Amino acid sequence: MQKLKLISSAGLCLGIMLLCTACGGSDTPDLGNVTGTITMDGAPLADAYVTFMPDTVRASSGKTDSAGKYELVYIRDEKGAALGDHKVVVSKLVNEKETIPANYSDETELTAQVKSGENEINFDLSSN
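Overview of the structure. (Residues numbered from 1 in each chain as written. Predicted model: local features only at pLDDT ≥ 70, side-chain atom pairs only at ≥ 80, totals over all residues. Heavy atoms only, no water.)

This paragraph deals with the overall build of the protein. What the protein contains, in helices and strands, is 1 helix and 14 strands. Out of the 128 residues in the protein, the part that is buried amounts to 31%. Taking contacts inside the protein between residues at least 6 apart in sequence as the whole, the part at least 24 apart equals 58%. Per element, the accessible surface of the protein, about 8600 Å² overall, is 52% carbon and sulfur. (Helix = DSSP H or I, 4+ residues; strand = E, 2+ residues; numbered from the N terminus. Buried < 20%, exposed > 50% of the residue type's maximum accessible area, 1.4 Å probe, protein only. Contact = heavy atoms within 4.5 Å. Areas by Shrake-Rupley, 256 points an atom, 1.4 Å probe, with all protein chains shown as cover.)

Moving on, we come to the nonpolar core. Counting residues in hydrophobic clusters, the biggest one holds 20 residues, and the most contacted among them are Phe52, Tyr70, Val90, Phe123 and Leu125. Elements represented by at least two residues in this core include exactly strand S1 (31-40), strand S3 (49-53), strand S9 (84-91), strand S12 (110-114) and strand S14 (123-125). (Core = buried A, V, L, I, M, F, W, Y, C linked by side-chain atoms within 4.5 Å.)

In this structure, Asp41 takes a positive phi of about 55° despite not being glycine. Among the secondary structure elements, Asp41 is positioned in the loop between S1 and strand S2 (43-44). Note on Asp41: relative accessible area 48%, which makes it partly exposed. Phi at Glu96 is positive, roughly 65°, even though this residue is not glycine. Tracing the sequence through the fold places Glu96 in the loop between strand S10 (93-94) and strand S11 (97-98).

Mapping Asn119 onto the fold places it in strand S13 (residues 117-120). By relative accessible area, Asn119 is classed as buried at 9%.

With that settled, consider the side chain of Thr37. Within the fold, Thr37 resides in strand S1. Taking relative accessible area as the criterion, Thr37 reaches 17% and is therefore assigned buried. At 3.5 Å, the side chain of Thr37 and the side chain of Lys69 are in polar contact. Setting aside its immediate chain neighbours within four residues, Thr37 contacts Ala67, Gly68, Lys69, Tyr70, Ile121, Asn122 and Phe123. (Polar contact = N/O pair within 3.5 Å; in protein donor to acceptor, adjacent residues only side chain to side chain.)

Our next topic: the environment of Val50. By secondary structure assignment, the location of Val50 is in strand S3. Val50 sits in the buried class, given a relative accessible area of 0%. Sequence separation between Val50 and Ser60 is 10 residues, and the spatial gap between their C-alpha atoms is 8.4 Å. Apart from the residues within four sequence positions on either side, Val50 is in contact with Ile38, Ser60, Ser61, Gly62, Tyr70, Leu72, Val88, Val89 and Val90.

So far we have only geometry, and geometry alone does not tell us how the molecule works.
See below:
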């Protein structure tokens, strides 16, 4: 009877430890805050989506306001982007048609590096 209580107690403790580990763990990488302005031919690019895509973890994205300013969000209310190198995609659909040249959207050539802390990363795109 004593052994059964000991085994039950050990099993309960193990179960609680596993539960706490599963609930308390976070697989969010280190993030840097990323803001910036996107312009097209020198004018603010409003209502465009910007996505920073690293190689190993989830992407971060944001939407430009009327002044072309954006702020990236990693997930839900966690602002920022994973540290390191990113491929950057800028997209703006009008009537379900992409209005951003392919070298910035579908076949992007844009890149950026996110560092710890504050990052202001601006893009001046050309429609040519």
